[in-house]
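# Geometric and topological summary
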Amino acid sequence: MLKLYSFFRSGASYRARIALALKGIPYETVGIHLARDGGEQNKPAYRAVNPQGRVPALELEDGTVITQSLAIIDYLETVHPEPRLYPQHPLARANALSIAFTIAADIHPLQNTSTTNYLAKHLNADEAAIKAWYQRWIGSGLAAVETKIIGTGYALGGSDPTIADICIVAQLATARRLNFDLSAYPKVVAVDAHATRHPAFVKAHPLNQPDAE
Ligand SMILES: N[C@@H](CCC(=O)N[C@@H](CS)C(=O)NCC(=O)O)C(=O)O
């Protein structure tokens, strides 16, 4: 069986979990606690799985490991093409990936705990400075995503969720945990509200994970 190294609260792990649930692929969760005891991601046992020390990582039956949530989603899409997570039309597909990369490449790395911990520990940033920092980057990223959303249900207006919805839902869970004010992004909030009713998104929700606390 596939193994997903995941932390229930991790937005990047949430993306991989939604994709697995949407495609109905069974897997075993291996919880990697990012905060306990200096972070299990930093221990040799997990570094042997993912030398970068980040979650998620997907281990295949033969022991091969795939890291990076978007690479995991791309792999799943290639080996289990149905249901599609990338729209068929080239422009819709480009837009879905544009939303996904805005979140995964432009927002997430800047608000990630390892980044904000570095600001605090090495650059003397206090709580107010850290809050201003992540608000700046979540805000500008979500403002861009807001302009790329076409639908009022799923992000691209189709009848099925795509990688764009996956990334939006995972990002909003983190934004809410950080008490980020979402009132300036009504389309993003509407897409999240719609997608999170889908059973696969419910299954992948942080609080429905075996390692949830
Ligand atoms: N770009 C990566 C991001 C992975 C990532 O940064 N995961 C975070 C949790 S959301 C993590 O493992 N942080 C632990 C650390 O940096 O020490 C992906 O999409 O998989």
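Residues numbered from 1 in each chain as written. Predicted model: local features only at pLDDT ≥ 70, side-chain atom pairs only at ≥ 80, totals over all residues. Heavy atoms only, no water.

## Overview of the side chain of T102
Along the chain, T102 turns up in helix α4 (residues 90–111). You can call T102 buried: its relative accessible area is 8%. Looking at T102, its side chain comes within polar contact range of the main-chain oxygen of S98, at 2.7 Å. The contact partners of T102, leaving out residues within four places of it in the chain, are I107, G141, A144, V145 and K148. (Helix = DSSP H or I, 4+ residues; strand = E, 2+ residues; numbered from the N terminus. Buried < 20%, exposed > 50% of the residue type's maximum accessible area, 1.4 Å probe, protein only. Polar contact = N/O pair within 3.5 Å; in protein donor to acceptor, adjacent residues only side chain to side chain. Contact = heavy atoms within 4.5 Å.)

## Description of the domain arrangement of the protein
Split by domain assignment, the protein resolves into domain 1 (2–83) and domain 2 (90–200). The C-alpha-based centres of domain 1 and domain 2 are spaced at 20 Å. Contact residues are listed per partner, giving twelve residues for domain 1 and 18 residues for domain 2. For the pairing of domain 1 and domain 2, the buried interface totals around 1,300 Å² over both sides, and the portion due to carbon and sulfur atoms is 73%. (Domains from an automatic or database assignment. Buried area = accessible area lost by both parts, 1.4 Å probe.)

## Quick notes on the site of the ligand
Taken together, 14 residues surround the ligand, and among them R15, R54, V55, Q68 and S69 come closest. Separating a nitrogen atom of the ligand from a backbone N or O atom of V55 is a distance of 2.8 Å. Separating an oxygen atom of the ligand from a side-chain N or O atom of N112 is a distance of 3.0 Å. Starting from 510 Å² of accessible surface for the ligand in isolation, the protein chains cover 87%. Of the residues belonging to the shell around the ligand, the class tally is four nonpolar, eight polar and two charged. (Near = heavy atom within 4 Å. Areas by Shrake-Rupley, 256 points an atom, 1.4 Å probe, with all protein chains shown as cover. Nonpolar A, V, L, I, M, F, W, Y, C, P; charged D, E, K, R; others polar.)

## Looking at the nonpolar core
L142 and I168 are the most contacted members of the largest nonpolar core, which has 56 residues in total. When contributions to this core are tallied by element, the ones reaching two or more residues are β1 (2–6), α1 (11–22), α3 (69–79), α4, α6 (127–148), α7 (163–177), α8 (186–195) and α9 (199–204). Here the element with the most residues in this core is α7; it accounts for nine residues. Residue contacts for I168: discarding those within four places in its chain leaves I99, I103, V145, I149, A155, V188, V191 and D192. In terms of nonpolar packing, the next biggest core, distinct from the first, is built from eight residues, F8, I32, Y46 and A57 among them. (Core = buried A, V, L, I, M, F, W, Y, C linked by side-chain atoms within 4.5 Å.)

## A few points about unusual backbone geometry
Glycine aside, the phi torsion of most residues is negative, and most peptide linkages are trans. Here the residue pair V55 and P56 is connected by a cis peptide bond, since its omega of 10° sits within 30 degrees of zero. Within the secondary structure, P56 sits in the loop between α2 (44–47) and β3 (57–59). The residue after E82, namely P83, is reached through a cis peptide bond having omega -10°. Assignment of secondary structure puts P83 in the loop between α3 and α4. In this structure, Q68 is a non-glycine residue whose phi angle is positive, near 75°. Mapped onto the elements, Q68 comes out in the loop between β4 (65–67) and α3. Note on Q68: relative accessible area 47%, which makes it partly exposed. In the Ramachandran plot, N124 falls in the positive-phi region, its phi being about 60° despite a non-glycine side chain. On the secondary structure map, N124 appears in the loop between α5 (113–122) and α6.

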